[in-house]
Every structure is written in structure tokens, then in C-alpha cells.
Amino acid sequence: MALRPPADYPARLVRDKEVIVLRSGVRLDADVIMAADRLTVIARAGSRVDNIDLEAARKAGVTVFLAVSRSLPHQSRSWTR
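Each value, and the rule that gives it
Numbers given for residues are sequential positions, taken from 1 along each chain in its written order. Only residues with pLDDT of at least 70 are given local features in this predicted model, and only at 80 or more are side-chain atom pairs given and counted; all residues enter the totals for whole chains, interfaces and linings. In computing side-chain properties, one takes all heavy atoms of the structure into account and sets aside hydrogens as well as water. Values of pLDDT, the confidence the predictor places in each residue, fall between 0 and 100. Secondary structure is summarised from DSSP: a helix means a run of H or I of at least four residues, a strand means a run of E of at least two, and numbering begins at the N terminus for each. Contacts were defined at the residue level, with two residues in contact if any of their heavy atoms lie within 4.5 Å. Polar contact is the term for a pair of N or O atoms within 3.5 Å; when the atoms are in protein, one must be able to donate a hydrogen and the other to accept it, and sequence-neighboring residues count only if both atoms are side-chain atoms.

Overview of the confidence of the model for the protein chain
Now for step 1: Residue-level pLDDT values for the protein chain average 82, and 78% of them are 70 or greater.
Now for step 2: Between the elements of the protein chain, mean pLDDT differs from a low of 55, seen in strand β4 (residues 76–79), to a high of 95, seen in helix α3 (residues 54–59).
Now for step 3: Predicted confidence is poor over residues 72–76, with pLDDT under 50, and the contacts of this stretch with residues over four places away or in other chains come to four contacts.

Structure (C-alpha cells):
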């Protein structure tokens, strides 16, 4: 996805997805999270989740998973439902 897509593009893109994997530069706000009615997991590759609306994910019952390093899976953190 482009770093600055049209405003409605992220919501259209995730509509039927169960998992979203993202890096920095893409913001998952409440509108996008709520548009993904089958969403169960958001996986964030990187060190922070400041681009994800954690409260909206919690309300939607979505687990947010932070993968700090792909070579060190024990250094991951998740925010569960």
C-alpha cells in the first residue's frame, strides 16, 4: 500500500481480511479496523504500535501482535482481546 493512499483506500483494502501485517507508514485507525469485519489479528513488524488504534482493536476483539525482530520470536508482545 502507498504511504499516502486516498482516505477510503485502507478501509476498502481490508474489508474481507482476517489478518493484517504492517510496518510503519500505514495508520490503522478505528475506521479501518471496523471496516475489516473478519479481522482477528494485526501483526506489526517493528518496535512500536503507535500507528494502530489499540482501543478500536480491543473493542473489535482483534489481537495486536508486535514482532520486534523476526530473528528473535521470543521478543514479541501482544495485546489480546
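What about the environment of arginine 38?
Now for step 1: Mapped onto the secondary structure, arginine 38 falls in the loop between α2 (30–35) and β2 (41–45).
Now for step 2: When the C-alpha atoms of arginine 38 and valine 62 are compared, they prove to be 9.5 Å apart, with 24 residues separating the residues in sequence.
Now for step 3: Excluding residues within four positions of it along the chain, arginine 38 makes contact with Asp16, Lys17 and Glu18.
Now for step 4: Polar contacts involving the side chain of arginine 38 include one to the side chain of glutamate 18, which spans 2.3 Å.

Some words on the environment of alanine 30
Now for step 1: On the secondary structure map, alanine 30 appears in helix α2.
Now for step 2: Here the alpha-carbon distance between alanine 30 and isoleucine 52, two residues 22 residues apart in the chain, equals 8.5 Å.
Now for step 3: Non-local contacts of alanine 30, meaning those with residues more than four positions away in its chain, are made with Asp53 and Ala56.

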